[in-house]
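Architecture at a glance
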Amino acid sequence: MPSEPDNSSSAASASAAAAERARSAPPRVGWTALLAIPLLVAAVYLPGFGTIERPKQYVNWDDDIFIRDNPDLHSGRGLIDIWTRPDPIRNYYPVTHTTHWLEFRIWWAWPPGTYAIDVLLHAANALLVFALVRTLGLSARAAWLASLLFALHPMLAASVAWLAERKNLLGTLFSLLALIAYLKYCREGRLGPYRLSLVYMLAGLLSKTAVLTMPASMLAADWLILRRRGWKTVWPLLPMVIAGGVLSWIKGGQEHAAGYTFAEPWPLRPLAVASALWQYLLKLAWPLDLRTIYPRWHVEWSPAWIAPLAALLLVILAAWLLRRRIGGVVQWCGVHFLITLLPISGIAAFGYLYHAPLADHFVYLAAVGPVIATAWLAELAAGAACARCAARATPAQQATPQCGGALRGWTARAIAAYAGGAVVCSALGWLTLQRVPVWNGPVAFWSQTLAGNPDYEFARRRLAQSYNDERRFAEALPVWERVIAARTADDPNSAQDQSNYGAALSELGRATEALACFERAISLDPNFAPAHFNLGYTLYRRGQGGPAIRHLEEATRLRPEYWEARNVLTELYARAGDYKSAYEHARRAVEAYSYNPDLQLALAHTASRVGNHAEAVAAADTALRLRPGWPQAQAELAWLLATAPDADQRRPGEAVKLAELAVRATQGTLARPIFALAAAHAAAGRFGQAIDTATQAAHVARAAGDRALAAEIEQATFMFRNSQPLKGP
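Rules of the game
Residues numbered from 1 in each chain as written. Predicted model: local features only at pLDDT ≥ 70, side-chain atom pairs only at ≥ 80, totals over all residues. Heavy atoms only, no water. Patch = residues over 30% accessible without salt bridge, like charges linked within 9 Å, V, L, I, M, F, W, Y side chains within 5 Å. Areas by Shrake-Rupley, 256 points an atom, 1.4 Å probe, with all protein chains shown as cover. Salt bridge = Lys/Arg side-chain N within 4 Å of Asp/Glu carboxyl O. Helix = DSSP H or I, 4+ residues; strand = E, 2+ residues; numbered from the N terminus. Axes fitted to C-alpha atoms, helices over the stretch in contact; angles between N-to-C directions. Parallel < 35°, antiparallel > 145°, perpendicular 65-115°, else oblique. Contact = heavy atoms within 4.5 Å. Nonpolar A, V, L, I, M, F, W, Y, C, P; charged D, E, K, R; others polar. Phe/Tyr/Trp six-rings, centres within 6.5 Å; stacked < 30°, edge-to-face > 60°. Buried < 20%, exposed > 50% of the residue type's maximum accessible area, 1.4 Å probe, protein only. pLDDT = per-residue confidence, 0-100. Core = buried A, V, L, I, M, F, W, Y, C linked by side-chain atoms within 4.5 Å. Left-handed = near helix turned anticlockwise from the far one by under 90°. Expected span 1.5 Å × (residues − 1). Arc of directions from axis to C-beta. Disulfide = S-S within 2.5 Å.

Structural notes on a nonpolar patch on the surface
Together, Trp231, Trp235, Leu238, Val241, Ile242 and Val246 make up a nonpolar patch on the protein surface, roughly 650 Å² of accessible area in all. If you trace the backbone, valine 241 turns up in helix α12 (residues 238–257).

A few points about the packing of helix α5 (residues 94–107) against helix α10 (residues 191–207)
Where α5 contacts α10, the two axes come as close as 5 Å, and the packing angle between them is 75°. Judged on the interaxial angle alone, α10 and α5 are roughly perpendicular. In contact with Pro94, Val95 and Thr96 of α5, α10 contributes Ala203, Leu206 and Ser207. Looking at side-chain class alone, the contact of α5 with α10 contains 4 nonpolar, 2 polar and no charged residues.

Points about the packing of aromatic side chains
Applying the stated criterion to the full structure yields 24 aromatic pairs. Ring centres of tyrosine 352 and phenylalanine 362 lie 5.2 Å apart, and the angle between their planes is 70°; on these two criteria the pair is classed as edge-to-face. Of the two residues, tyrosine 352 is situated in the loop between α16 (328–341) and α17 (368–392) and phenylalanine 362 in the loop between α16 and α17; the sequence distance between them amounts to 10 residues. For tyrosine 352, a relative accessible area of 12% gives the class buried.

Brief notes about the side chain of threonine 209
Inspection of the secondary structure assignment puts threonine 209 in the loop between α10 and α11 (214–224). Under the relative-accessibility criterion, threonine 209 is labelled buried at 4%. Aside from chain neighbours lying at most four places away, what touches threonine 209 is Tyr93, Gly244, Leu247, Ser248 and Lys251.

Some points on the environment of leucine 277
With respect to the helices, strands and loops of the structure, leucine 277 is situated in helix α13 (residues 269–285). With 281 residues separating them in the primary sequence, leucine 277 and leucine 558 have C-alpha atoms 45 Å apart. Contact partners of leucine 277, with chain neighbours within four places excluded, come to Leu312, Phe337, Leu338, Leu341 and Ser345.

Description of the confidence of the model for the chain
For the chain, mean pLDDT is 89; residues scoring 70 or higher make up 90% of the total. Between the elements of the chain, mean pLDDT differs from a low of 40, seen in helix α1 (residues 7–24), to a high of 98, seen in helix α8 (residues 157–161). Predicted confidence is poor over residues 1–27, with pLDDT under 50, and the contacts of this stretch with residues over four places away or in other chains come to 24 contacts. Between residues 396–407, whose pLDDT stays under 50, and residues either more than four places distant or in other chains, the model counts 19 contacts.

Remarks on the nonpolar core
Nonpolar side chains in soluble globular proteins tend to be buried together. Ranked by size, the top nonpolar core spans 221 residues in total, and within it Leu132, Trp332, Ile372 and Phe720 carry the most contacts. For this core, the element with the highest residue contribution is helix α9 (residues 166–188), accounting for 12 residues. Setting aside residues no more than four positions away along its own chain, leucine 132 makes contact with Leu176, Leu179, Ile180, Leu183, Trp332, Val368 and Ile372.

Comments concerning the packing of helix α23 (residues 473–485) against helix α24 (residues 494–507)
With their axes 9 Å apart at the nearest point, α23 and α24 run at an angle of 155° to one another. Classed by the angle they form, the pair α23 and α24 counts as roughly antiparallel. Note that α23 runs across α24; the crossing there is left-handed. Taking contact as the criterion, the partners of Phe473, Leu477, Trp480, Glu481, Val483 and Ile484 in α23 are, on α24, Asp497, Gln498, Asn500, Tyr501, Ala504, Leu505 and Glu507. Each residue belonging to the contact of α23 with α24 can be placed in one class, and the counts come to 8 nonpolar, 2 polar and 3 charged.

Focus on α24
Here α24 contains 14 residues, and its C-alpha end-to-end distance of 20 Å stays within 8% of the 20 Å for a straight helix at 1.5 Å per residue. Those residues of α24 lying buried are Ser494, Ala495, Asp497, Gln498, Ser499, Asn500, Tyr501, Gly502, Ala503, Ala504, Leu505 and Ser506. Taken together, the buried residues of α24 touch α22 (457–469), α23, α25 (511–524) and α26 (529–541). Positive phi appears at glycine 509, one or two residues downstream of α24, with a value of about 85°.

Digging into α25
Between its first and last C-alpha atoms α25 spans 20 Å; for 14 residues at 1.5 Å apiece the expected length is 20 Å, and the two agree. All of the buried residues in α25 are Ala511, Ala514, Leu515, Cys517, Phe518, Ala521 and Ile522. With its buried residues spanning 160° around the axis, α25 presents them on a single face. Opposite the buried face of α25, at more than 90 degrees from it, the exposed residues are Thr512 and Ser523.

Things to note about the state of the cysteines
If you walk through the whole model with that rule in mind, you get 0 disulfides. Not engaged in a disulfide, the cysteine cysteine 186 finds its nearest cysteine sulfur in cysteine 333; these two sulfurs lie 17 Å apart. For cysteine 186, a relative accessible area of 8% puts it in the buried group. Cysteine 425 provides the cysteine sulfur closest to cysteine 333, a residue in no disulfide bond, and the two sulfurs are 16 Å apart. Overall, cysteine 333 belongs to the buried group, its relative accessible area being 2%.

Laid out in structure tokens, this is it:
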């Protein structure tokens, strides 16, 4: 007699199968939906562009040195120097500097453009976090959560909004690509992904040397997640280790040569490192007390400093003892976090530690570990709920829509877990939205720095200088007075502070006090070029040309690339009729800062006066390209094209168009553009129009009180009446 089927056994099997499906096949998230991540990144970082009236600026801390004032970015040859000549000030980051060099070819030193690229790179890194989580074997939901946490976390905003940290974004981009490719090589054994990982790793090291810890992170992933052991897992990483060691040696040598390194004494370094690691973890978990520059520490052997080290060692020991229960992914997240931050947490001496023991931008690559661990824990909680539901359900219950949804991963507990994740991500996004404008300009940045670090005199000096740069001199004065009060006479910055304080006084019309400040600065440091410049410039504004030239020449002797001083000297010598000296200073100024349209225009004017017509035209054309629609440049170029010494060099048609644009832009209120239009008409043989236009120009010049220009125009009118065009210079 056939036996009846064991319904309880089949039900148990079905329940077990359903539980397995719930664990192994969570709901998939399509790649199309990932477009939401770049959109969210763009939304939270939108305030970083500033406004139309006040767009994003450099904060003048490294970003001015790396980008705006980087001479390698100003010329085509600079690209060769970027790769072949390590710079001790800007570090050997050729991939990073190359991206800025390319931007200069498009929009020059325009902070909103640079920032837009940074936002795109951050969005790309968030997507790579998603790809990495999937590569590690976690679900699409976990990948989504990790990617969103990375994309929206306010602690990572420093690497995006601070334009000097392009190296962080690129280093992380190539490091994540290298890690994903290397894991693929480890799983499949094909050389293609391995070669890609080598290329990506080298690109990352050439973007930022600090990513040299990534080979150790790759080895940890191989051992802890893929469970591969032995020397065969080490040999493939040796080329990356060697490349990282060489580039680290170059960078370390540059910093030591410049004398720009700092670290705690060796016995105290473990205490500083442990405290830094805990602070980074705490701020990632609770990012409500973020600072632009953190206060310096006073590390000592005391219970307060020993406790973080002891706690760190206990956590590492506990993780080792519980390693089988924790799982490989979480172990790797912890190891990645530790080894990425260890070199930059105070164990080794380097320049930034002189300012602060912590920095938000240091945690950018390291944050990948904690965000993946957080997503894994959320998935674990949701997955456990699904598995329990599946284990309790009967086949009949599994067929219902309610239970079917639970088995597909959406139990009440799972929904609560991911709703909580959504709330957390929303809160992080809101905090980032509020934090990003801190890097919109120097005043905002240094004001925020002082608010969080009120004893930091370096920030106070930078804030005062920022007020000077933005011509907010009334606000600058009390800050300078506090800075100077805190200085001693033998402080190496005293001369600079006195000079900058004097500059603010001079701009407010307090010239006598300003001159006293400049003299005091020079007495403190006779070789301080800006003090000579400020003194010379103030004398120039008071009409004392001879003494002004003497101090301005001294400034250029002390600092040959001092283009500001050369620009004033160009005007002084031109006024005195010494166009040879004016031209020489204008040429040297353009060599120092070729992307300044005012300098190019001064070169155009003086070059034409010494007979270098072709150079003058090229400089005027460059000035107009640098500042499109600039009436002064249009008028100068029109004049040069209309009055070329040789007839075959004249281009009267183009000259007329340019001069008409300049006259229209100035609404006929300036005599020079009208005079240039008259010269252009004469060059075209239209002497009747030239006479009428010149008459109008002379009237405008007389109305403005410029008798010399009016006389020059009347002389030109006489030539036009005799059907003679003007000839340069």
